[in-house]
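One-letter residues, chain by chain:
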Amino acid sequence: SIPNRKKDDDFTIVEIGCGVGNAILPLLEQHTELVHKHASSDDDGDVPPPPPRLNIHCLDFAPTAINLLKQDPRFRAAAEEGRA
């Protein structure tokens with residue numbers, strides 16, 4: 001849970017035809033960096049605002065593509081944290 005975050009700060013992203021995640025995985029990677037940077041920042045008053053929570057839904061007809069997406073370490077880390 002990110003402190004000082006309101007429900008209005010949530011974003012839902014739905015990617016239809018995600019394939020193996022070539023569009024969503026870089027976004028997820030960058031968001032993970034922002035979350036970790038905010039979590040490790042000092043409380044000296046120079047804390048950046050928390051990033052919005054992302055609710056990500058990836059859809060594709062190809063089960064092989066979805067299985068490959070689920071095996072990616074970036075996706076797995078986000079899934080373990082409840083972000084994907």
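Everything below is about the structure shown above.
All values derive from a computational prediction rather than experimental measurement.

Caption draft 1: Structural view of helix α3 (residues 73-80). At the N-terminal boundary of α3, the capping side chain belongs to D72, with an oxygen 2.8 Å from the backbone nitrogen of R74. G82 occupies a position one or two residues after α3 and carries a positive phi of about 75°.

Caption draft 2: Representation of the nonpolar core in the model. Formed by C18, I24, L25, L28, L54, I56, C58, I66, L69, F75 and A78, the largest nonpolar core amounts to eleven residues. Contributing elements (two or more residues each) for this core: α1 (24-40), β2 (54-59), α2 (63-71) and α3. Every residue in contact with L25, bar those within four places of it in the chain, is listed here: V20, L69, D72, R74 and F75.

Caption draft 3: Molecular detail of the packing of α1 against α3. Axis separation between α1 and α3 bottoms out at 9 Å; the angle between their running directions is 55°. Judged by the angle between their axes, α1 and α3 are oblique. Crossing angle aside, the handedness with which α1 passes α3 is left-handed. On α3, the residues that touch L25, P26, L28 and E29 of α1 are R74, F75 and A78. In the contact of α1 with α3, the residues fall into five nonpolar, no polar and two charged.

About the cut-offs
Residues numbered from 1 in each chain as written. Predicted model: local features only at pLDDT ≥ 70, side-chain atom pairs only at ≥ 80, totals over all residues. Heavy atoms only, no water. Polar contact = N/O pair within 3.5 Å; in protein donor to acceptor, adjacent residues only side chain to side chain. Helix = DSSP H or I, 4+ residues; strand = E, 2+ residues; numbered from the N terminus. Core = buried A, V, L, I, M, F, W, Y, C linked by side-chain atoms within 4.5 Å. Buried < 20%, exposed > 50% of the residue type's maximum accessible area, 1.4 Å probe, protein only. Contact = heavy atoms within 4.5 Å. Axes fitted to C-alpha atoms, helices over the stretch in contact; angles between N-to-C directions. Parallel < 35°, antiparallel > 145°, perpendicular 65-115°, else oblique. Left-handed = near helix turned anticlockwise from the far one by under 90°. Nonpolar A, V, L, I, M, F, W, Y, C, P; charged D, E, K, R; others polar.

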